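Report on the structure
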Amino acid sequence: MEITAFFKSVIDSDNAPIVICDLEHIIVYMNPVAEERYAKRGGKALVGKSLLDCHNSESNEKIINTVKWFGESKYNNRVFTFHNPKENKDVYIIALRDEKSELIGYYEKHEYRTPEMA
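Just so it is clear, the structure is predicted and the values come from calculations on it, not from any experiment. (Residues numbered from 1 in each chain as written. Predicted model: local features only at pLDDT ≥ 70, side-chain atom pairs only at ≥ 80, totals over all residues. Heavy atoms only, no water.)

A separate point is unusual backbone geometry. Backbone geometry places histidine 25, a non-glycine residue, at a positive phi of 70°. Here histidine 25 shows up in the loop between strand 1 (19-22) and strand 2 (27-30). Positive phi values are uncommon outside glycine, yet asparagine 88 reaches one of about 50°. Among the secondary structure elements, asparagine 88 is positioned in the loop between strand 3 (78-84) and strand 4 (89-97). (Helix = DSSP H or I, 4+ residues; strand = E, 2+ residues; numbered from the N terminus.)

So, in structure tokens, the structure goes:
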């Protein structure tokens, strides 16, 4: 089996929305949770569109500055953006890098603080 199938499986099995963007801020992939969460904004049809069209100017400035910072060093890979008290989660922007540590994109990571119950 091709290794990309394993990576896709990891992303698709996450219980948080994952929206992956390239360096031009174009959405290249959304996991099923993201498609459902953002259904009112277009869901899967957002793939191929600019993430910047989905945010206000303040958020866009943060995104652009974060991606610029990612590009300054291969060690710049994670930025806390905010805590969402309603969902009790922290939100980060995470750099995506290739095997040479070159920046190739980014995604937003949601980390829920509320433990899951079996």
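We are not done yet, so read on.
Burial of nonpolar side chains together is a common tendency in soluble globular proteins. Ranked by internal contacts, the top residues of the largest apolar core, which has 16 residues, are Val19, Ile27, Met30, Leu51, Ile63 and Tyr106. Elements represented by at least two residues in this core include exactly strand 1, strand 2, helix 3 (57-72), strand 4 and strand 5 (103-112). Broken down by element, the residue count for this core peaks at 3 residues, all from helix 3. Apart from residues lying up to four places away in sequence, methionine 30 is in contact with Ile18, Val19, Glu35, Tyr38, Gly43, Lys44, Leu46 and Val47. Membership of the second largest hydrophobic core comes to 5 residues, among which are Ile18, Ile20, Tyr92 and Ile94. (Core = buried A, V, L, I, M, F, W, Y, C linked by side-chain atoms within 4.5 Å. Buried < 20%, exposed > 50% of the residue type's maximum accessible area, 1.4 Å probe, protein only. Contact = heavy atoms within 4.5 Å.)

Take the packing of aromatic side chains next. The geometry of two aromatic rings is summed up by the distance between their centres and the angle between their planes. Tallied over the entire structure, the rule returns 2 aromatic pairs. Relative to phenylalanine 70, the ring of tryptophan 69 lies with its centre 5.9 Å away and its plane at 45°, an arrangement referred to as tilted. A relative accessible area of 1% places phenylalanine 70 in the buried class. Taking the centre distance of 5.6 Å and the plane angle of 70° together, the rings of phenylalanine 80 and tyrosine 92 count as edge-to-face. Here phenylalanine 80 is found in strand 3, whereas its partner tyrosine 92 is found in strand 4, with 12 residues between them in sequence. We note arginine 78 situated over the ring of tyrosine 92; from NZ or CZ to the ring centre the distance is 3.8 Å. (Phe/Tyr/Trp six-rings, centres within 6.5 Å; stacked < 30°, edge-to-face > 60°. Lys NZ or Arg CZ within 6 Å of the ring centre and 35° of its normal.)

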